[in-house]
Amino acid sequence: MPMKNVRIVLVETSHGGNIGAVARAMKNMCLDDLALVKPRQFMSEECVARASGADDILREAEVHGDLDAALADCSLVVGASARLRTVAWPQLDPRQCAALVAERAAGGQQVALVFGRERTGLTNAELERCQYLVHIPSNPDYSSLNLAMAVQVLAYELMMQQAPDSPARPRELATAADMQGLFSHLEQALEDIGFLDPRKSDKLMRRLKRLFHRAEPDQDEIRILRGILSAAQGRKSARRE
């Protein structure tokens, strides 16, 4: 289901193809609210082609004459900045941004993530309309992310905030008694199959104990291991007969 109350706002996008690529990134991550502020191109052939099936987001996108109109109903506004500004403004990394946005949106607030022009980003005046800035860390020698890539990064982090934790069946780890039972059985089985050298048994068993302690087996795994050992002992006994 689309994540409600989260709006992607693009300001004065130069190329229609970039809008289409943003729509595709949004649909990948279950976002569907796109607002455009004075785009220079929109619904061009390249725009639709690069949307790659996210045409519904393009069709439903709202076009505004200024940024204030796009943000009018938003309680939280976060501006994406390609470079860290000298202005003292609260700054977030993408994960912090996603956590904040998810929390506010879940509480019913309308939230906007604002992205600026491809070449120059958001002006200082536009950034001043934001409560927070988000900066995507990248290679300082090559920090150029295109518009759709920036949207994809933030949308992915937001998607991960929404992903439900899969209920994990609690592991019943083996007790100390279980482990000692395994070690005794293992040592006996290694003797029975002729693998254990009495002269090196202490050193070998110490290494095997360290191995199994590091693995932290659960009780089911202990039963499986002991079943294997019993089977090996049984086959060795059968051969002797």
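Residues numbered from 1 in each chain as written. Predicted model: local features only at pLDDT ≥ 70, side-chain atom pairs only at ≥ 80, totals over all residues. Heavy atoms only, no water.

(A) Representation of the pairing of strand S4 (residues 76–80). Burial analysis of S4 places five of its five residues in the buried class, the great majority of the element. Here S4 runs beside strand S7 (residues 132–134); their pairing, made up of three bridges, is parallel. If you follow Gly79 over to S7, its bridge partner there is Leu133. (Buried < 20%, exposed > 50% of the residue type's maximum accessible area, 1.4 Å probe, protein only. Helix = DSSP H or I, 4+ residues; strand = E, 2+ residues; numbered from the N terminus. Pairing = 2+ DSSP bridges.)

(B) The pairing of strand S1 (residues 6–11), seen in detail. Within S1, six of the six residues are buried, which leaves the element mostly enclosed by the surrounding structure. The alternating pattern of S1 places Val6, Ile8 and Leu10 on one face and Arg7, Val9 and Val11 on the opposite face, and all of these are buried. Both S1 and strand S6 (residues 111–115) contribute to a ladder of five bridges, which runs parallel. Each bridged residue has a counterpart across the sheet, and for Ile8 the counterpart in S6 is Leu113. Pairing between S1 and strand S2 (residues 33–37): five bridges, direction parallel. Residue Val9 lies in a different strand from S2, and its bridge partner there is Ala35. This β-α-β element, S1 to helix H1 (residues 16–28) to S2, shows right-handed connectivity. (Right-handed = clockwise from strand over helix to strand, strands pointing away.)

(C) Spatial organisation of the nonpolar core. In this structure, Ile8, Leu10, Val22, Leu34, Val101 and Phe115 are the most contacted members of the largest nonpolar core, which totals 42 residues. With seven residues, helix H7 (residues 147–162) is the single largest residue contributor to this core. Sequence-distant contacts of Val101, defined by excluding residues within four places in its chain, comprise Val6, Leu76, Val78, Val111, Leu113 and Leu158. Residues Leu67, Ala70, Cys74 and Val77 belong to the second largest nonpolar core, which totals 15 residues. (Core = buried A, V, L, I, M, F, W, Y, C linked by side-chain atoms within 4.5 Å. Contact = heavy atoms within 4.5 Å.)

(D) Here's a closer look at H7. Look at H7: 23 Å from first C-alpha to last across 16 residues, which is about the 22 Å you get at 1.5 Å a residue. Where H7 is concerned, the buried positions are Leu147, Ala148, Ala150, Val151, Leu154, Ala155, Glu157 and Leu158. Taken together, the buried residues of H7 touch S1, H1, helix H5 (94–106), S6 and S7. Put simply, Asn146 is the residue that caps the front of H7, since its side-chain oxygen is 3.2 Å from the backbone nitrogen of Ala148. (Expected span 1.5 Å × (residues − 1). Polar contact = N/O pair within 3.5 Å; in protein donor to acceptor, adjacent residues only side chain to side chain.)

(E) Region of interest: the packing of helix H8 (residues 176–192) against helix H9 (residues 201–215). Where H8 contacts H9, the axes come no closer than 11 Å and their chain directions differ by 140°. Taken together, the axis directions place H8 and H9 in an arrangement best described as oblique. The handedness of the crossing between H8 and H9 is right-handed. Residues Met179, Leu182, Phe183, Leu186, Glu187 and Leu190 of H8 touch H9, and the partners they reach there are Leu204, Met205, Leu208, Lys209, Phe212 and His213. Considered class by class, the residues forming the contact of H8 with H9 number nine nonpolar, one polar and two charged. (Axes fitted to C-alpha atoms, helices over the stretch in contact; angles between N-to-C directions. Parallel < 35°, antiparallel > 145°, perpendicular 65-115°, else oblique. Left-handed = near helix turned anticlockwise from the far one by under 90°. Nonpolar A, V, L, I, M, F, W, Y, C, P; charged D, E, K, R; others polar.)

(F) Fine view of the layout of surface pockets. When its volume is computed, the largest pocket comes out at roughly 430 Å³. Forming the boundary of the largest pocket are 23 residues, of which Ala80, Ser81, Ala82, Leu145 and Ala150 lie nearest the centre. Here the lining of the largest pocket is composed, by residue class, of nine nonpolar, nine polar and five charged. (1 Å grid on protein atoms, 1.4 Å probe; cavity = no way out; pocket = protein on both sides within 12 Å on 5 of 7 lines; lining within 4 Å. Points joined across faces, edges and corners; volume = space filled by probe spheres on them.)

(G) Structural view of the sheet that holds strand S3 (residues 62–64). Taken together, seven strands build an open sheet; the order of strands is S3-S2-S1-S6-S4-S7-S5 and the sheet is parallel. Each edge of the open sheet is held by one strand with a lone partner, namely S3 and strand S5 (91–92). The strands touched by H1 are S1 and S2; relative to S2, the strand with the most contacts, the crossing angle is about 160°. Running at roughly 155° to S6, H7 makes contact with S1, S6 and S7 of the sheet.

(H) Up close: the pattern of salt bridges. Taken as a whole, this structure holds 10 salt bridges when the rule is applied. The partner of Asp33 in a salt bridge is Arg7, and the shortest N-O contact between them spans 3.2 Å. Residue Asp33 is located in strand S2, and its partner Arg7 is located in strand S1; the two are separated by 26 residues in the primary sequence. Between Asp56 and Lys27 there is a salt bridge, with the nearest N and O atoms lying 3.0 Å from each other. Linking Asp56 in helix H3 (residues 55–60) with Lys27 in helix H1, this pair joins segments that are 29 residues apart in sequence. Residue Asp56 is classed as partly exposed on the basis of its relative accessible area of 25%. (Salt bridge = Lys/Arg side-chain N within 4 Å of Asp/Glu carboxyl O.)

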